[in-house]
Amino acid sequence: MHDNFSLKPYNTFGVEAKAKYFTEVTTIDELKEAILFSRSHSLPLLFLGGGSNVLLTKDFDGLVILLNLKGITEKNQDENNILVTANAGENWHGFVMYCLNNNYGGLENLSLIPGNVGTSPMQNIGAYGTEIKDIFVQCSVLNLETLAVEIFDLEQCRFGYRDSIFKQEGKGKYVILDVTFRLTTKNHIIKTEYGAITGELEKLNIKNPTIQDVSNAVINIRQSKLPDPKLIGNAGSFFKNPTIPKSQFEDLKLKFENIQGYPNGDQVKVPAGWLIEQCGWKGKQIGNVASHRLQSLVIINATGNATGKEIYDFSTLIINSVKEKFGIELEREVNII
């Protein structure tokens with residue numbers, strides 16, 4: 001247990017914030033002990049995994065628990081499916097590479113997403129036509145009130161777009177211990193129709209892609225558009241893509257002919273990056289903070305010296321700007337602490 005502990009190395013924005021207390025846990029028993037310590041000292045709790053989806057705007061006057069539960073187990077289900085369980089502290093991309101090295105299909109479109117396995121169900125992470133819910137079986141969680149381990153299946157998790165029960169009424173009530181996925185071992189379903197994957201595969205002269213080829217294409221695309229958090233502080237996409245009524249989209253199209261949208265029933269998903277770019281934010285810097293020059297959805301700690309509050313205030317300016325121009329209110333995808 002450490003006190004007055006710097007969290008700068010534990011968040012991908014690289015902002016400075018201190019925890020009143022900090023501890024790292026590698027077993028469920030250690031996790032329970034830490035929770036009991038927080039109770040006995042009436043301390044609020046904050047759980048950190050890879051620190052890739054969090055913005056620390058101030059010091060945390062409580063106990064920060066770094067979840068470092070490691071391990072991967074497998075269970076054959078049938079001749080074409082395998083259940084693979086990864087503990088919460090496993091690095092997400094490392095886990096995806098483990099599965100690909102074993103020729104397990106289903107996660108390849110989610111390559112190079114920052115963070116750890118434990119946070120993946122919280123916001124139903126997704127990219128290039130795949131979301132966690134597509135291959136999710138269950139997750140084990142620790143009930144923070146009873147300290148009992150519970151199992152949440154697909155239905156109980158109530159996944160939505162970048163959403164789940166863990167961001168709604170379950171927020172602050174559970175901590176995810178491990179996640180189980182159903183992956184293919186032979187007849188893989190190759191998804192190449194979303195985003196720039198097809199173009200990237202053509203560039204590589206690949207006509208019949210394997211899951212490894214899809215993963216390589218996704219990695220190439222992400223590396224060409226998104227800054228590496230190890231080199232420049234960021235949390236990936238800062239905002240959700242907003243969904244608006246079809247009627248509102250049609251009205252906007254009369255005013256903005258080039259507006260992009262992806263219909264889904266009577267709703268249309270509008271790319272937040274496009275909206276932000278149209279408001280002149282792409283590559284724009286104010287003080288220590290900027291919108292990335294290649295992907296306006298990504299806010300960066302441009303100088304390495306930004307505070308969490310500076311980044312938050314910068315995001316507010318973007319939200320206000322988009323709302324004023326398009327009448328659409330962007331929602332932050334990153335958890336604000």
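1. What to know about the overall build of the protein chain
When helices and strands are tallied, the protein chain shows 8 helices and 20 strands. Computed over its C-alpha atoms, the radius of gyration of the protein chain comes to 20 Å, within 12% of the 20 Å expected for a compact globule of 337 residues. In terms of overall dimensions, the protein chain has a C-alpha envelope of 60 × 55 × 35 Å along the principal axes. Among the 337 residues that make up the protein chain, the fraction classed as buried is 50%. Pairs at least 24 residues apart make up 60% of the contacts formed inside the protein chain by residues separated by at least 6 positions. If you sum the accessible surface of the protein chain, you get close to 16,100 Å²; carbon and sulfur atoms cover 47% of it. With 34 positive and 38 negative side-chain charges, the protein chain shows a spacing of 5 Å between the two charge centroids.

2. Section: helix H1 (residues 28-40)
Turn by turn, an α-helix covers 3.6 residues, leaving residues three or four places apart pointing in a common direction. In this model, H1 (13 residues) spans 18 Å end to end at C-alpha, consistent with the 18 Å of a helix rising 1.5 Å per residue. Among all positions of H1, only Leu 31, Ala 34, Ile 35 and Ser 38 are buried. In an axial view of H1, the angular spread of the buried residues amounts to 100 degrees, which keeps them on one side of the axis. Of the exposed residues in H1, the ones pointing more than 90 degrees away from its buried face are Asp 29, Glu 33 and Ser 40.

3. Some details on the sheet that holds strand E19 (residues 298-301)
Spatially, the 4 strands line up as an open sheet ordered E13-E19-E18-E17, and their pairing is antiparallel. With one partner strand each, in any of the chains shown, strand E13 (233-237) and strand E17 (285-286) form the two edges of the open sheet. As defined by bridge partners, E13 adjoins E19 across 3 bridges and the pair is classed as antiparallel. Its bridge partner lying in E19, Gly 233 is registered against Asn 301.

4. Brief notes about the nonpolar core
Phe 239, Ile 311, Ile 318, Phe 326 and Leu 330 are the most contacted members of the largest nonpolar core, which has 44 residues in total. Breaking this core down by element, the ones donating at least two residues are strand E2 (18-25), strand E3 (45-48), strand E4 (54-55), strand E5 (60-67), helix H6 (246-255), helix H7 (272-278) and helix H8 (308-326). Looking at this core, the element that brings in the most residues is H8, giving 6 residues. Among all residues touching Phe 239, those that are not within four sequence positions of it are Ala 272, Ile 276, Leu 297, Ile 299, Ser 315, Ile 318, Ile 319, Leu 330, Glu 331, Arg 332 and Glu 333. In terms of nonpolar packing, the next biggest core, distinct from the first, is built from 37 residues, Ile 82, Ala 86, Ile 125 and Ala 217 among them.

5. Description of helix H2 (residues 92-101)
Listing the buried residues of H2 in full gives Trp 92, His 93, Phe 95, Val 96, Cys 99 and Leu 100. Looking down the long axis of H2, one finds its buried residues gathered within 160 degrees of arc, a one-sided arrangement. Against the buried residues of H2 lie strand E6 (72-78), strand E7 (81-87), strand E12 (174-184) and helix H5 (211-225). Here H2 starts with a cap whose side-chain oxygen sits 3.1 Å from the backbone nitrogen of His 93, and that cap is Asn 91. Two residues or fewer past H2, Asn 103 is found with a positive phi of approximately 60 degrees.

6. So, the side chain of Asp 163
Positionally, Asp 163 belongs in the loop between helix H3 (154-157) and E12. An unpaired buried charge is present at Asp 163: no salt bridge exists, and Lys 240, the closest side chain of opposite charge, is 5.1 Å distant. Dropping the residues within four chain positions of it, Asp 163 is found in contact with Met 122, Gln 123, Asn 124, Arg 158 and Gln 168.

7. Side note on the pairing of E7
Burial analysis of E7 places 6 of its 7 residues in the buried class, which makes it a mostly covered element. Examined bridge by bridge, E6 and E7 share 6 bridges and lie antiparallel to one another. By the bridge assignment, Asp 78 is partnered in E7 with Asn 81. Hairpin remark: E6 followed by E7, antiparallel, with 2 residues in the connecting loop. Examined bridge by bridge, E7 and E12 share 7 bridges and lie antiparallel to one another. Paired with Thr 85 across the bridge in E12 is Thr 180.

8. Side note on the layout of surface pockets
Approximately 630 Å³ is the volume found for the second largest pocket. Taken together, 25 residues line the second largest pocket, and the ones lying closest to its centre are Pro 114, Gly 115, Asp 228, Pro 229 and Lys 230. Within the residue set of the lining of the second largest pocket, elements represented by two or more residues are H5 and E13. The residue inventory of the lining of the second largest pocket, partitioned by class, reads 8 nonpolar, 13 polar and 4 charged.

So, how was this worked out
Residues numbered from 1 in each chain as written. Predicted model: local features only at pLDDT ≥ 70, side-chain atom pairs only at ≥ 80, totals over all residues. Heavy atoms only, no water. Helix = DSSP H or I, 4+ residues; strand = E, 2+ residues; numbered from the N terminus. Rg over C-alpha atoms; globule rule 2.2 N^0.38 Å. Buried < 20%, exposed > 50% of the residue type's maximum accessible area, 1.4 Å probe, protein only. Contact = heavy atoms within 4.5 Å. Areas by Shrake-Rupley, 256 points an atom, 1.4 Å probe, with all protein chains shown as cover. Lys, Arg positive; Asp, Glu negative; His and termini not counted. Charge placed at Lys NZ, Arg CZ, Asp CG, Glu CD. Expected span 1.5 Å × (residues − 1). Arc of directions from axis to C-beta. Pairing = 2+ DSSP bridges. Core = buried A, V, L, I, M, F, W, Y, C linked by side-chain atoms within 4.5 Å. Polar contact = N/O pair within 3.5 Å; in protein donor to acceptor, adjacent residues only side chain to side chain. Salt bridge = Lys/Arg side-chain N within 4 Å of Asp/Glu carboxyl O. 1 Å grid on protein atoms, 1.4 Å probe; cavity = no way out; pocket = protein on both sides within 12 Å on 5 of 7 lines; lining within 4 Å. Points joined across faces, edges and corners; volume = space filled by probe spheres on them. Nonpolar A, V, L, I, M, F, W, Y, C, P; charged D, E, K, R; others polar.

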